[in-house]
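# Analysis of the macromolecular model
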Amino acid sequence: MRASLLQVAVNEDESVDSRRRRVAALVRDQAGTDLVVLPELWTTGAFAYEGFGTEAEPLEGPTYEAMAKAASEAGVWLHAGSVPERDPDGTLYNTSLVFSPSGELAASYRKIHRFGFDKGEAVLMGAGEELVTVRLPDTVVGVATCYDLRFPELFRGLVDAGAETFVVPAGWPERRRAHWTLLARARAVENQAFVLACGTAGTHAGVPQAGHSVVVDPWGEVLAEAGPGEEVLTVDFDPATVAGTRDRFPALKDRVLGLDRPRR
Ligand SMILES: NC(=O)CCC(=O)C(=O)O
């Protein structure tokens, strides 16, 4: 299976419309790839909080339209990263969109763990409540977004739902880059799954982005890693490795369930 992670540069000197057109063209260029992945909130920037409200879209808004078309023109599965979604009730969500090669929406995922503690996304957006997996022809994808990477129980939930490959769009800052790579490898090793983690490049809202998108195999080995700038990171991987690893080293079978809750 071939995946291409589009590590888009999100800078303020480019308008959202122009970036959307540029990214659609980049997606179209990936014809022949099985799965294309975009980062978190690449229209606005994950730290450009003012843009969340001004650029928020209904689910089937301009980014949805452009990405559905690009997926079908390229004939690829497309995890289109996330957009600031405005629900009809007015609540904003950080929502990921996954399209099939015919441009149909295969899944959407509202980010569960919002980043910012007492500001930013954590106060401006609502929290998703549902785990989401998507069945591709060769693997079952579990979706998570950026800060979710710090919460292993979410990934265990995705494994229980059948996930073999995690796709994690992000807008991770350079100042915590060491955590990004470490957490991507940890989620791969502990769940014996592939991790495709796609971040942004550039600087927005004064926050330099880490780049360094990474693909990790179920043994924790880094198969490919991007540099700091805009880049298309293409990797070939064999999803059957997941079953092989889980059979040969069956640590997941030794789980003791319920330890995440106090026992009496
Ligand atoms: N957009 C995010 O979720 C940022 C997460 C982050 O910076 C971190 O976990 O560190």
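Just so we're clear, the structure is a prediction, and the values are computed from it rather than from any experiment.

Even without being glycine, Leu41 reaches a positive phi, approximately 40 degrees. With respect to the secondary-structure elements, Leu41 resides in the loop between strand 2 (35–37) and helix 2 (49–54). Judged by relative accessible area, Leu41 falls into the buried class, the value being 1%. Positive phi outside glycine occurs at Ala205, with the angle close to 50 degrees. Here Ala205 lies in the loop between strand 10 (203–204) and strand 11 (207–208).

For the rest of this paragraph, the subject is the site of the ligand. Neighbouring the ligand are the residues Glu40, Ala46, Phe47, Lys111, Phe115, Cys146, Tyr147, Arg150, Gly171, Trp172, Pro173 and Arg176. One of the side-chain N or O atoms of Glu40 is found 3.0 Å from a nitrogen atom in the ligand. Arg176 is positioned such that a nitrogen or oxygen atom in its side chain is 2.5 Å from an oxygen atom of the ligand. Surface burial for the ligand is 99%, taken as the share of its 300 Å² of free accessible area covered by protein chains.

The next subject is the packing of aromatic side chains. All told, the structure shown has 12 aromatic pairs when counted by the stated rule. With a centroid separation of 6.1 Å and an interplanar angle of 75 degrees, the aromatic rings of Phe47 and Phe115 are classed as edge-to-face. Residue Phe47 is located in the loop between strand 2 and helix 2, and its partner Phe115 is located in the loop between strand 5 (105–110) and helix 4 (121–124); the two are separated by 68 residues in the primary sequence. A residue is classified by how much of its surface remains accessible, and Phe47, at 10% relative accessible area, is buried. We classify Phe115 as buried; its relative accessible area is 19%. Each residue in the set Phe47, Tyr49, Phe52, Phe115, Phe117, Tyr147 and Phe151 is aromatic and connected to the rest through ring pairs, giving one cluster. Its guanidinium or amino end placed over the ring of Tyr93, Arg110 lies 3.8 Å from that ring's centre, counting from NZ or CZ.

Taking the numbering used here, the UniProt-annotated feature "domain: CN hydrolase" (unreviewed entry) corresponds to residues 1–239. Annotated as 25% helix and 28% strand, the span residues 1–239 places its first and last C-alpha atoms 7 Å apart.

It is worth spelling out helix 3 (residues 62–74) at this point. Because an α-helix completes one turn every 3.6 residues, residues spaced three or four positions apart along the sequence face the same direction. Look at helix 3: 18 Å from first C-alpha to last across 13 residues, which is about the 18 Å you get at 1.5 Å a residue. Turning to helix 3, the residues buried within the fold contact helix 1 (16–28), strand 3 (77–86), strand 4 (92–99) and strand 5. Once helix 3 finishes, Gly75 follows within two positions and takes phi at roughly 70 degrees, a positive value.

Attention now moves to the pairing of strand 8 (residues 165–169). Across the five residues of strand 8, five count as buried, placing the element largely inside the fold. Of the two faces of strand 8, the one holding Thr165, Val167 and Pro169 and the one holding Phe166 and Val168 are both buried throughout. Looking at chain direction, strand 7 (residues 140–143) and strand 8 are connected through three bridges and run parallel. The partner of Gly142 across the bridge, within strand 8, is Phe166. In the classification by handedness, the crossover that spans strand 7, the intervening helix 5 (residues 152–160) and the parallel strand 8 is right-handed.

Backbone-to-backbone hydrogen bonds join strands into a sheet, with any given pair of strands oriented parallel or antiparallel. Taken together, the six strands give an open sheet; going across it, the order is 5-4-3-2-1-14, and neighbouring strands pair in mixed fashion. The open sheet has two free edges, formed respectively by strand 5 and strand 14 (231–236), since each of these has just one partner strand. For this sheet, the mean inter-axis angle between neighbouring strands, taken without regard to orientation, is 25 degrees. Relative to strand 2, strand 1 (residues 2–7) runs parallel, the two sharing three bridges. Bridge pairing in strand 2 links Leu5 to Val37.

The contact between helix 1 and helix 3 brings their axes to 8 Å, and the two run at 20 degrees. Considering the angle they form, helix 1 stands roughly parallel to helix 3. Judged by the twist between their axes, the crossing of helix 1 over helix 3 is right-handed. Packed against helix 1, whose contacting residues are Arg20, Val23, Ala24, Val27 and Arg28, the element helix 3 presents Pro62, Thr63, Ala66, Met67, Ala70, Ala71, Glu73 and Ala74 at the interface.

One finds Leu5, Leu35, Phe166, Val168, Val195 and Leu196 to be the most contacted residues of the largest nonpolar core, which totals 48 residues. Here this core takes five residues from strand 9 (residues 194–198), the largest share from any one element. In this structure Val195 touches Phe166, Val168, Ala184, Arg187, Ala188, Val214, Val215 and Val216, once residues within four positions along its chain are discounted. Residues Val10, Ala70, Val76 and Leu78 belong to the second largest nonpolar core, which totals 22 residues.

Criteria and thresholds
Counting of residues starts from 1 at the beginning of each chain's written sequence and follows it residue by residue. Since the coordinates come from a predicted model, pLDDT governs what is reported: local features require at least 70, and pairs of side-chain atoms require 80 or more to be given and counted, while whole-chain, interface and lining totals use all residues. Side-chain measures were taken over the full set of non-hydrogen atoms in the model, leaving aside hydrogen atoms and water. Where helices and strands are cited, they refer to DSSP runs of H or I of at least four residues and of E of at least two residues respectively, numbered from the N terminus. Using a 1.4 Å probe on the protein chains alone, a residue whose accessible area is under 20% of its type maximum counts as buried, one over 50% counts as exposed, and one in between counts as partly exposed. To be near a molecule or strand, a residue needs just one of its heavy atoms within 4 Å of it. Polar contacts, as used here, are pairs of N or O atoms within 3.5 Å; protein pairs need one atom able to donate a hydrogen and one able to accept it. Residues neighboring in sequence count only if both atoms are side-chain atoms. Surface accessibility follows the Shrake-Rupley procedure with a 1.4 Å probe radius. Residue values consider only the protein chains on display as shielding. Note on ring pairs: Phe, Tyr and Trp rings are taken, using the six-membered ring of Trp, and paired if centres are within 6.5 Å. Classes follow the plane angle, with under 30 degrees stacked, over 60 edge-to-face and the rest tilted. To sit over a ring, a charge needs its Lys NZ or Arg CZ within 6 Å of the ring centre and within 35 degrees of the ring normal. UniProt positions are given in the numbering used here, feature names are shortened, and annotations may be inferred rather than shown by experiment. Multiplying 1.5 Å by the residue count of a helix minus one yields the expected span of that helix. Only heavy atoms enter the contact rule, under which two residues are in contact if any of them lie within 4.5 Å. The rule for pairing is simple: two strands pair if DSSP sees at least two bridges between them. When the strands point away from the viewer, a crossover counts as right-handed if the path from the first strand over the helix to the second runs clockwise. Here, axes are lines fitted to C-alpha atoms. For helices the fit covers the stretch in contact, and angles between N-to-C directions go from 0 to 180 degrees. Orientation is classified from the angle alone, with under 35 degrees giving roughly parallel, over 145 giving roughly antiparallel, 65 to 115 giving roughly perpendicular, and any other angle giving oblique. In this scheme the handedness of a crossing depends on how the near helix is turned from the far one: anticlockwise by less than a right angle means left-handed, clockwise means right-handed. Within this scheme, the nonpolar core is defined by two criteria: the residues are buried Ala, Val, Leu, Ile, Met, Phe, Trp, Tyr or Cys, and they are joined through side-chain atoms within 4.5 Å.

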